[in-house]
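Structural characterization, general
Now for the letters of each chain:
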Amino acid sequence: MNVTEEELPILLAANLHQHFQQLVLCYQHRLYTFAYRLCAGQQNAEDIVQEAFVNAYVSLENYTPERIRTLKLRAWLYRVTLNVYTHSLRGTRLHVVPLDTTGDSPMLEIADRPEEQPECLFEQIEQQRELACLLARLPDKYRICITCYYFEHFTYQEIAELLDQPLGTVKSSVSRGIRQLRTLFEATSQQEGRKEKR
């Protein structure tokens, strides 16, 4: 049963236990990508997302059906994930089980389109790794804003609400983060150019 993001809060309010798996299927890849960009590690990202879903379920169990129906689910789940990430930086972690990455997981299916051929995929993965390494070198306040704006496609207003910061602060953080990222990229490119000349 394919459910839209708009229908999910209504279904969750009606029967949380029955429809929570649909929430996980709808958001697990996006939240994993978000967490991965924040912490730049597969296992850490899986742990963060798993813990975020556990926290989300526990919270939703305590919400009234009316509150669940009116919940801005996407922003709320990103907030829960960001909170788990922040807590993981402090060293407080729960024991968690990794997300489903078995051989028959739909996340592992690769289509036969030309841009998804092994050579192209390898190049994309390398570029993503390089970007992830550069992002990981940014301070959290910039990395989180850039990740939300450019990779998760949040508006400045959504980021401001997510981080509980003024709109101007978010815009400034994105701008300064991009400048720092550009500086890091240029420095890395120059270092690679020197290595090739040797």
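Residues numbered from 1 in each chain as written. Predicted model: local features only at pLDDT ≥ 70, side-chain atom pairs only at ≥ 80, totals over all residues. Heavy atoms only, no water.

An unreviewed UniProt entry annotates the protein as ECF RNA polymerase sigma factor SigW originating from Dictyobacter halimunensis. Annotation of the protein in UniProt includes, under Sequence similarities (unreviewed entry), the sentence "Belongs to the sigma-70 factor family. ECF subfamily." (UniProt positions renumbered as here; feature names shortened; annotations may be inferred.)

1. Structural notes on the overall build of the protein
Along the backbone of the protein there are nine helices and zero strands. Its helices and strands in sequence order give the protein the pattern α-α-α-α-α-α-α-α-α, from N to C terminus. Counting all 198 residues of the protein, 35% fall into the buried class. Across the protein, every contact between residues at least 6 apart in sequence was considered, and the portion connecting residues at least 24 apart equals 65%. As presented, the protein carries roughly 12500 Å² of accessible surface, and 52% of it is formed by carbon and sulfur atoms. (Helix = DSSP H or I, 4+ residues; strand = E, 2+ residues; numbered from the N terminus. Buried < 20%, exposed > 50% of the residue type's maximum accessible area, 1.4 Å probe, protein only. Contact = heavy atoms within 4.5 Å. Areas by Shrake-Rupley, 256 points an atom, 1.4 Å probe, with all protein chains shown as cover.)

2. A few points about helix 2 (residues 16-39)
Look at helix 2: only 30 Å from first C-alpha to last across 24 residues, short of the 34 Å you get at 1.5 Å a residue. For helix 2, the N-terminal capping position is held by asparagine 15, with its side-chain oxygen 3.4 Å away from the main-chain nitrogen of histidine 17. Immediately downstream of helix 2, the backbone of alanine 40 shows phi near 55°, a positive value. (Expected span 1.5 Å × (residues − 1). Polar contact = N/O pair within 3.5 Å; in protein donor to acceptor, adjacent residues only side chain to side chain.)

3. With respect to the packing of aromatic side chains
Taken as a whole, this structure holds eight aromatic pairs when the rule is applied. Here the aromatic rings of phenylalanine 34 and tyrosine 78 are separated by 4.9 Å at their centres, their planes lie at 65°, and the arrangement is edge-to-face. Linking phenylalanine 34 in helix 2 with tyrosine 78 in helix 5 (residues 73-89), this pair joins segments that are 44 residues apart in sequence. Residues phenylalanine 34 and tyrosine 78 agree in their burial class; the two are buried. Taking 4.4 Å as the distance between ring centres and 10° as the angle between the ring planes, the aromatic pair formed by tyrosine 149 and tyrosine 156 counts as stacked. Each member of the aromatic cluster is reached from another via a ring pair, and the members are Phe20, Phe53 and Tyr57. (Phe/Tyr/Trp six-rings, centres within 6.5 Å; stacked < 30°, edge-to-face > 60°.)

4. A look at a positive patch on the surface
A cluster of basic side chains, namely Lys141, Arg176, Arg179 and Arg182, defines a positive patch on the protein surface. By residue number, the principal contributor to the positive patch is helix 9 (residues 167-197), which donates three residues. With respect to the element layout, arginine 179 can be found in helix 9. (Patch = residues over 30% accessible without salt bridge, like charges linked within 9 Å, V, L, I, M, F, W, Y side chains within 5 Å. Salt bridge = Lys/Arg side-chain N within 4 Å of Asp/Glu carboxyl O. Lys, Arg positive; Asp, Glu negative; His and termini not counted. Charge placed at Lys NZ, Arg CZ, Asp CG, Glu CD.)

5. Topic: helix 3 (residues 42-62)
The first and last C-alpha atoms of helix 3 sit 31 Å apart over 21 residues, in line with the 30 Å expected at 1.5 Å per residue. Turning to helix 3, its buried residues number three or more, namely Ala45, Glu46, Asp47, Ile48, Val49, Gln50, Glu51, Ala52, Phe53, Ala56 and Leu60.

6. A look at the nonpolar core
Leu23, Leu60, Leu73 and Trp76 are the most contacted members of the largest nonpolar core, which totals 43 residues. Broken down by secondary-structure element, the contributors of at least two residues to this core are helix 1 (8-14), helix 2, helix 3, helix 5, helix 7 (140-151), helix 8 (156-163) and helix 9. For this core, the leading source of residues is helix 2, giving 10 residues. Setting aside residues no more than four positions away along its own chain, leucine 60 makes contact with Leu12, Leu16, Phe20, Ile68, Leu71 and Trp76. Of all hydrophobic cores here, the second largest spans six residues; its members include Leu134, Leu135, Ile146 and Leu184. (Core = buried A, V, L, I, M, F, W, Y, C linked by side-chain atoms within 4.5 Å.)

7. Here's the deal with the confidence of the model for the protein
Put simply, the protein has an average pLDDT of 82, and 80% of its residues get 70 or more. When the elements of the protein are averaged for pLDDT, helix 6 (residues 118-136) gives the smallest value, 74, and helix 3 the largest, 93. Taken as a whole, residues 92-97 scores under 50 in pLDDT and shows 11 contacts with residues more than four places along the chain or in a different chain. (pLDDT = per-residue confidence, 0-100.)

8. As for the layout of surface pockets
In this approach the atoms are scanned with a rolling probe the size of a water molecule, which exposes any empty space left behind. Volume-wise, the second largest pocket comes out at about 260 Å³. In this structure, the second largest pocket is lined by Leu71, Lys72, Arg74, Ala75, Trp76, Arg79, Phe154, Glu158, Glu161 and Leu162. Listed by contribution, the elements that provide at least two residues to the lining of the second largest pocket are helix 5 and helix 8. Take the lining of the second largest pocket: its biggest share by element is four residues, from helix 5. For the lining of the second largest pocket, a count of residues per class yields five nonpolar, no polar and five charged. (1 Å grid on protein atoms, 1.4 Å probe; cavity = no way out; pocket = protein on both sides within 12 Å on 5 of 7 lines; lining within 4 Å. Points joined across faces, edges and corners; volume = space filled by probe spheres on them. Nonpolar A, V, L, I, M, F, W, Y, C, P; charged D, E, K, R; others polar.)

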